[in-house]
Amino acid sequence: MRSVLMLGLLWGTLGLIGPALAQTAGDVLGPAGVVPLTAPQPPARIIVDPPLAEPLSRGFVFIQYRAENLRIQPVFGPKATEVTPRIGHIHVTVDGAPWHWADASGEPIILVGLPPGTHAVEVILADANHRPLDRGEVSFTVPPAEHGGAGEHGRPR
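Per chain, residues are indexed from 1 in the order of the written sequence. It should be noted that, the model being predicted, local features are given only for residues of pLDDT at least 70 and side-chain atom pairs only at 80 or more, the latter also being counted only at that level, while totals for whole chains, interfaces and linings use all residues. Side-chain calculation: all heavy atoms of the structure are included, whereas hydrogens and water are not.

S.K.: Could you clarify how one ought to interpret the pattern of salt bridges in this entry?
M.R.: Here the idea is simple: oppositely charged side chains can pair when their charged atoms come close. Any Lys or Arg side-chain nitrogen located within 4 Å of an Asp or Glu carboxyl oxygen qualifies as a salt bridge. Inspection of the entire model under this criterion finds 6 salt bridges. Of the charged contacts, one joins E68 and R45 as a salt bridge, the two residues approaching to 3.3 Å between their closest N and O atoms. Of this pair, E68 sits in strand β3 (residues 65-68) while R45 is found in strand β1 (residues 45-48), placing the two residues 23 residues apart along the sequence. Classification of residues uses two cut-offs on accessible area relative to the type maximum, computed with a 1.4 Å probe and protein chains only: under 20% is buried, over 50% is exposed, and between them is partly exposed. The partly exposed category is assigned to E68, whose relative accessible area is 22%. With a relative accessible area of 41%, R45 lands in the partly exposed category. Of the charged contacts in the structure, one is a salt bridge between E122 and R135, with a shortest N-O distance of 2.9 Å. Runs of E in the DSSP output that reach at least two residues are strands. Runs of H or I that reach at least four are helices, and both are numbered from the N terminus.

S.K.: Which parts of the structure should I look at to understand unusual backbone geometry?
M.R.: Excluding glycine, residues mostly have negative phi values, and the peptide bonds linking residues are mostly trans. The backbone of N69 shows a phi angle near 65°, a positive value even though the residue is not glycine. The exposure class of N69 is partly exposed, given its relative accessible area of 33%. Despite not being glycine, D95 has its phi angle at roughly 55°, a positive value.

S.K.: Where do I start with the nonpolar core in this structure?
M.R.: The nonpolar side chains of a soluble globular protein tend to be buried with one another. To define a nonpolar core, start from buried Ala, Val, Leu, Ile, Met, Phe, Trp, Tyr and Cys residues and group those joined through side-chain atoms within 4.5 Å. V61, I63, I90, I109, V121 and F140 are the most contacted members of the largest nonpolar core, which totals 21 residues. When contributions to this core are tallied by element, the ones reaching two or more residues are β1, β2 (60-63), β5 (87-94), β7 (109-112), β8 (117-127) and β9 (132-142). The contact definition used throughout considers only heavy atoms, calling two residues in contact when any of these lie within 4.5 Å. Every residue in contact with V121, bar those within four places of it in the chain, is listed here: I63, V92, T93, V94, L111, G136, E137, V138 and F140.

S.K.: What's the story with the packing of aromatic side chains in this structure? I'm lost.
M.R.: Both the distance between ring centres and the angle between the ring planes are used here to describe each pair of aromatic rings. Any two of the Phe, Tyr and Trp rings considered here, Trp counted by its six-membered ring, make a pair once their centres fall within 6.5 Å; the pair's planes then place it as stacked at under 30 degrees, edge-to-face at over 60, or tilted in between. Under the definition given, this model contains 1 aromatic pair. Aromatic pair W99 and W101: ring centres 6.4 Å apart, planes at 35°, arrangement tilted.

S.K.: Before we go on, may I ask you to explain the side chain of T93 in this structure?
M.R.: Assignment of secondary structure puts T93 in strand β5. Contact partners of T93, with chain neighbours within four places excluded, come to W99, H100, A120, V121 and E122.

S.K.: Would you mind going over the pairing of β5 with me for this structure?
M.R.: Two faces make up the sheet, and in a regular strand the side chains alternate between them. Most of β5 sits inside the fold, with 8 of its 8 residues counted as buried. Here β5 shows two buried faces, one formed by I87, H89, H91 and T93 and the other by G88, I90, V92 and V94. By this definition, two strands are paired if DSSP reports at least two bridges between them. Bridge count between strand β4 (residues 71-72) and β5: 2 bridges; the pairing is parallel. Bridge pairing in β5 links I72 to G88. Two elements, β5 and β8, share 7 bridges in a ladder whose sense is antiparallel. Residue pairing across strands places V92 opposite V123, the latter belonging to β8. Here 3 bridges tie β5 to strand β6 (residues 101-103), and the two strands are oriented antiparallel to one another. In the strand pairing of β6, V92 is matched with W101. Between β5 and β6, which follow one another and run antiparallel, lie 6 residues, and D95 among them has a positive phi close to 55°.

Written out as structure tokens, the structure is:
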């Protein structure tokens, strides 16, 4: 009987605490994209994770990132900067190259075929007119290729 009473108290406590700790979809995702915002938006930020360790050990670079206060969307042009919540895309530069590519997929950055050694990837969060809003950079080392690793263009050896 006592264990039933304790279990009841535990469930009652969790029932009261659970909803207070729960996050709403709006807390995680930000404002709904179907309603224009009436207040100024906080600055956009990019968070870039180091490459995933297991694929990197085989020479494959998978970099995950996320944007805060900006939705990654394939929409461009002057009128797109007036959309609320804010939309944009990323620019990716590898090893300080004088060129970059733009990506609006929101999917991880995948690099295959980098030579062994230390590399750096800069990820720039940009608005719909390609104006930089924030940037993040990760450095990592691609190990020497082993049997079964990635060859040229990611083809197995």
